[in-house]
Amino acid sequence: MSKPNFSTDALHAGHDFNAHAGTRAVPLYLTTSYVFKNADHAANVFSLAEPGYIYTRLNNPTNDILEQRLAALEKGIGAVVTASGMAAINTTLLTLLKAGDHIVASNSLYGGTYNLLNVTLPRFGITTTFVNPENPENFKKAAKENTRAFFVESLGNPKLDVLDLKAISAEAKAFKVPFIVDNTVATPALLKPIEHGADIVIESLTKYINGNGTALGGAIIDAGNFDWANGKFPEFTEPSPGYHGLIYHDALKEAAFIAKVRVEGLRDHGAALSPFNAFQIIQGLETLSVRVKQHSENALELAEWLEQQEQVKWVNYPGLKSSKYNSLAQEYLPKGQSGIVTFGLEGGFESAKTVADETKIFSLLANIGDTKSLIIHPASTTHQQLDEQQQASTGVTQDLVRLSVGLEDIEDLKDDLKEAFKSIKNLKTV
Ligand SMILES: *Cc1c(COP(=O)(O)O)cnc(C)c1O
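Just so it is clear, the model here is predicted, and its values are computed rather than measured. (Residues numbered from 1 in each chain as written. Predicted model: local features only at pLDDT ≥ 70, side-chain atom pairs only at ≥ 80, totals over all residues. Heavy atoms only, no water.)

**Observations regarding the packing of helix α4 (residues 85-96) against helix α5 (residues 111-120)**
Argument step 1. Packing of α4 against α5 brings their axes to within 10 Å, and their N-to-C directions diverge by 30°. By the angle class used here, α4 and α5 are roughly parallel. Handedness of the α4/α5 crossing: right-handed. Residue-level inspection shows Met86, Ile89, Asn90 and Leu93 of α4 in contact with α5, the latter providing Gly112, Thr113, Leu116 and Leu117.
Argument step 2. Looking at side-chain class alone, the contact of α4 with α5 contains five nonpolar, three polar and no charged residues. (Axes fitted to C-alpha atoms, helices over the stretch in contact; angles between N-to-C directions. Helix = DSSP H or I, 4+ residues; strand = E, 2+ residues; numbered from the N terminus. Parallel < 35°, antiparallel > 145°, perpendicular 65-115°, else oblique. Left-handed = near helix turned anticlockwise from the far one by under 90°. Contact = heavy atoms within 4.5 Å. Nonpolar A, V, L, I, M, F, W, Y, C, P; charged D, E, K, R; others polar.)

This is how it looks when you write it as structure tokens:
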């Protein structure tokens, strides 16, 4: 049989029902630990001489199925799931980097990621230079002798900038550092960063992949292509004191990174995904391609409609002809541009806050990717800790409203916004 396509993998990859009592649904294994056959078996599993389960902080059969499924969908060689998307980013960076290392990152990042790179990691001696990713050469210009990673989002949240991943990956290759791509907003149903040169893919499973707003989760997917023996990553080529002298690159070959994430990253930092959440997330993942297609259709129609409304000053959606990212969207996101739309209102900050307050179907909350429609005013909420200049670089303006367009009837969504706009009709532009 030829290799299955995306929708088939989303339903089947990683689940051999014969190995799980013939279960058609993926079973939920709620156990912290696993009984070894005997002491030799235990010793072998601990030394990685044979595969096996030890403790659910490291792996679990339900999580294992989710990991294999996500690796198949992103075209990677392996994956590790984590407690949240932020845990996936943090575990990746702490597995790769040490004090004194440096990252070059896009300046249009998710607020949590921006803060991790800008405030928290510097406390541990890991610094970041943020660059405008629209010119891929900016990554090379900002790279230094101690740079050890390039980090971007394939579709920036909330700026919705579509990046030229191939060009940035070429810069990363020339500089011999891994190219890390957060694929949360696009999802592998619309874009597979590994096909465009990403070495490591990050996903927040909390968003579209689960989709029903019930569980947090994250994933790290390894393309298996990066040459860890290029001289810049001695922790992969020298005996690891953290794993009784194991040399990751020799012992695990192309899986060196993802194995280190599991046996050192999960072991030491402990950001494991609850199998209960993995089970929930698998239910959502099964329908990802159908949902994301509909999210994209609804978002495009709503964005086009918003452009016609007199209260609306500007609309940003990469699928719009008016978007400056439209040609990159045609290249990288031809099947759809996902469900996030941003727009600005006459009356600026106050109008934006008012509309976020007044919608009935769009819920005011800090999340995206739910089947239900969501709304937020980032300048007064998710991005309030950033100063105005930092807000601007992450793509947040005072008047910006972010929608996560759900799967409700599109006419109801238009009516909901139309009603909310009535409450701002007396405000003047500020
Ligand atoms: C939400 C989000 C994250 C963080 O994921 P959590 O599961 O909330 O920790 C990271 N990156 C992007 C682009 C996100 O939208």
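After presenting the structure, the write-up continues.
**Let's talk about the nonpolar core**
For soluble globular proteins, the rule of thumb is that nonpolar side chains tend to be buried together.
Argument step 1. Judged by nonpolar contacts, the single largest core of 55 residues is most densely connected at Leu66, Phe150 and Phe179.
Argument step 2. If one sorts the elements of this core by residue count, helix α3 (residues 61-74) sits on top with five residues.
Argument step 3. In terms of domain composition, this core takes at least three residues from each of domain 1 (6-284) and domain 2 (289-422).
Argument step 4. If we ignore the near neighbours within four places in the chain, the residues touching Leu66 are Val81, Leu205, Leu273, Ala278, Ile281, Ile282 and Leu285.
Argument step 5. Core analysis: the second largest hydrophobic core is formed by 32 residues, Ala88, Ile220, Tyr243 and Val261 among them. (Core = buried A, V, L, I, M, F, W, Y, C linked by side-chain atoms within 4.5 Å. Buried < 20%, exposed > 50% of the residue type's maximum accessible area, 1.4 Å probe, protein only. Domains from an automatic or database assignment.)

**Some thoughts on the site of the ligand**
Argument step 1. By nearness alone, 13 residues border the ligand, and Gly85, Asp182, Ser204, Thr206 and Lys207 come closest of all.
Argument step 2. Take Gly85: an N or O atom from its main chain is 2.8 Å from an oxygen atom of the ligand.
Argument step 3. At 2.6 Å, a side-chain N or O of Thr206 approaches an oxygen atom of the ligand.
Argument step 4. Out of a free accessible area of 380 Å², the ligand has 94% covered by protein chains.
Argument step 5. One can see that the ligand is located within the second largest pocket.
Argument step 6. For the shell around the ligand, a count of residues per class yields three nonpolar, seven polar and three charged. (Near = heavy atom within 4 Å. Polar contact = N/O pair within 3.5 Å; in protein donor to acceptor, adjacent residues only side chain to side chain. Areas by Shrake-Rupley, 256 points an atom, 1.4 Å probe, with all protein chains shown as cover. 1 Å grid on protein atoms, 1.4 Å probe; cavity = no way out; pocket = protein on both sides within 12 Å on 5 of 7 lines; lining within 4 Å. Sits in = over half its atoms within 2 Å of the grid points.)

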